Every structure is written in C-alpha cells, then in structure tokens.
Amino acid sequence: MPKDFRRYIKRKRDFWWRKAKEEGYLSRAAYKLIQINERFKLIKPGMRCLDLGASPGGRTQVLSELVGDKGEVVAVDIRPLRYRARNVRFIRSDIRELDVESLGKFDLVLSDLAPNSSGHYSRDQARQLRLVLDAYEIAKRVLKPGGAFVSKVFYGEDVEDIVKGMRREFKFVKLFKPKASRSESAETYIVAVGYLKVKRRKRA
Ligand SMILES: C[S@@+](CC[C@H](N)C(=O)[O-])C[C@H]1O[C@@H](n2cnc3c(N)ncnc32)[C@H](O)[C@@H]1O
C-alpha cells in the first residue's frame, strides 16, 4: 500500500482529524488549543497573540475567533498560512530570522513549532527542543508583564530542566497534554502563566 494512502487511512480513523474536517478547522491543532484554553483560561477578547509555527492555521483560526475584532494574531511560519481574517497578520519567515523588536508586545506567545520528522526520535526530539528554546527567547523579548507562553514540546530528558528554569520567570508553569494530542505521541505542552519580567543586565 502506498505510504500516502496509509497516512490518509490513518487520518480518516482519527477522531480529532474528522471533527476538524466537519467543523471547518484547518487542523486538529485547533482542538489542542481549545482544550488548553478550557483548562487555563488564557485567551480573552482584545488580546495580541504571537502564533509561532502557525501553518496550516487551525490554531490561528481559534485565536482569531477568541481575540475578536479588537485583538490581533501575528502568525509566523516558513510554510503558507491557509487562513485569512482581518485580525490576522501573517509573516512568512523562519522564526530565527524574525525582526523581533518590530513585532511589538504580546499578551500571549504560542509555539507549535516542529521539525519535519527524520524517523529518528532522539534526533527529532533534540531539534524540536531547539525550536522550543528559540521560541522561548522570542517570548521573553515580546511578552508583556503578566503574559503567557504556551509551547508544544516532545517530552524527553531536558524538558524538566527547562520547566525548572521557566519557574523563575513565570508565576506558574505546568506540563499539560490535551485530549486532542495523540496518546501514543510524546507531544505535550508547556503552559507558563504570569510573566514576571525579571530585570536583565544589559549586554556589555
Ligand atoms: C505542527 S505544525 C503547526 C500546526 C499549526 N499550529 C496549526 O494549528 O495548524 C509545525 C509547523 O512548524 C513550522 N516550522 C518548523 N520550523 C520552523 C521555523 N524554524 N520557523 C518557522 N516555522 C517553522 C512548520 O513549517 C510547520 O508548519
């Protein structure tokens, strides 16, 4: 059986994938954000959100609906975004090449960044962790005091250390796996709330 067809069959059996199709969401990632938000109540009308790793755009759709007309979503990805709305601005870029200072300040920074799978779990996990750290660096530069950072992470050895470091910078940090995340996958989410804006020494 061709690989693409096998993937299609697997997806068709997936409850959240079918639900996304039925309800008009571009990806199952929409439900992961809905479930994170049901638990932590992070998103409110009028907020500015930075969505890193936004393509195809299921999560951007949810953000756009929840922040409403007075809010804004800045979505970033190297791939095209398939969602358009008046309160969504899309920047097609590698996050490592973003002009971060020009983005302004945000109430919420989200990262769903993931590398293409190489088939080697430890290599993919290390590359994904690098993306988490890059997103975290961006978050620290653009978050308003009291803001939140939510990042997909493939669970592994270093994750607890990263969470420990984040606890010095946020009121609370939790690991949370939404129901829409496949139970067999190592994917989980870091949810860091209440950015404390620790004063940094200026670089010499
Ligand atoms: C799991 S998908 C995101 C799904 C998306 N959040 C949604 O709701 O539909 C991961 C995304 O990370 C993006 N990505 C990976 N590395 C990136 C980088 N260095 N800069 C920008 N985007 C990147 C990929 O292009 C891919 O679209």
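Higher on the page you've got the structure.
Each chain carries its own residue numbering, running from 1 in the direction its sequence is written. Totals for whole chains, interfaces and linings use all residues, but because this is a predicted model, local features are given only for residues with pLDDT of at least 70 and pairs of side-chain atoms are given and counted only at 80 or more. Working from all heavy atoms in the structure, the side-chain values ignore hydrogens and water.

**Student:** Before we go on, may I ask you to explain the sheet that holds strand 3 (residues 88-92) in this structure?
**Tutor:** Strand pairing in a sheet relies on backbone hydrogen bonds, with the paired strands running either antiparallel or parallel. Ordered by their spatial adjacency, seven strands build an open sheet running 3-2-1-4-5-7-6, and the pairing between neighbours is mixed. Of all strands in the sheet, those bounded by a partner on one side alone are strand 3 and strand 6 (170-176). Going across the sheet, the axis of each strand differs from the next one's by a mean of 15 degrees, ignoring polarity. At least two bridges found by DSSP between two strands are what make those strands a pair. Helix and strand definitions follow DSSP, with helices as H or I runs of at least four residues and strands as E runs of at least two, each counted in order from the N terminus. In this structure, strand 5 (residues 143-154) lies alongside strand 7 (residues 187-195), joined through seven bridges in antiparallel fashion. To obtain an axis, a line is fitted to C-alpha atoms, over the contacting stretch when the element is a helix, and the angle between two such axes runs from 0 to 180 degrees between their N-to-C directions.

**Student:** Help me out: how do you make sense of the packing of helix 5 (residues 121-142) against helix 6 (residues 159-166) in this one?
**Tutor:** At a minimum axis separation of 12 Å, helix 5 and helix 6 run at an interaxial angle of 10 degrees. The orientation of helix 5 with respect to helix 6, classified from their angle, is roughly parallel. Of helix 6, the residues touching helix 5 (which contributes Q125, L129, L133 and Y136) are V159, I162 and M166. Here the term charged refers only to Asp, Glu, Lys and Arg, the term nonpolar to Ala, Val, Leu, Ile, Met, Phe, Trp, Tyr, Cys and Pro, and the term polar to all other amino acids, Gly among them. By residue class, the composition of the contact of helix 5 with helix 6 is six nonpolar, one polar and no charged. For classification purposes, an angle smaller than 35 degrees is called roughly parallel, one larger than 145 roughly antiparallel, one from 65 to 115 roughly perpendicular, and anything else oblique. We call two residues in contact whenever any of their non-hydrogen atoms come within 4.5 Å of each other.

**Student:** Got a minute to help me understand unusual backbone geometry in this structure?
**Tutor:** Peptide bonds are, in most cases, trans, and in most cases residues other than glycine have a negative phi. In this chain, S55 is followed by P56 through a cis amide linkage whose omega measures 5 degrees. Inspection of the secondary structure assignment puts P56 in the loop between strand 1 (48-52) and helix 4 (58-67).

**Student:** Looking at this model, I keep getting lost on the site of the ligand. Mind explaining?
**Tutor:** Note on definitions. A residue lies near a molecule or strand when any single heavy atom of the residue is within 4 Å of it. Among the 20 residues in the neighbourhood of the ligand, the closest are listed as S27, G53, R59, D77 and D112. R59 is positioned such that a nitrogen or oxygen atom in its backbone is 2.9 Å from an oxygen atom of the ligand. Here the ligand has 610 Å² of accessible area as a free molecule, and 89% of this is covered by the chains. A breakdown of the residues in the shell around the ligand according to their chemical character gives eight nonpolar, six polar and six charged. What qualifies as a polar contact is a pair of N or O atoms within 3.5 Å, subject to a donor-acceptor requirement within protein and to the restriction that residues adjacent in sequence count only when both atoms come from side chains. Surface exposure here means Shrake-Rupley accessible area, sampled with a 1.4 Å probe, where a residue is shielded only by the protein chains that are shown.

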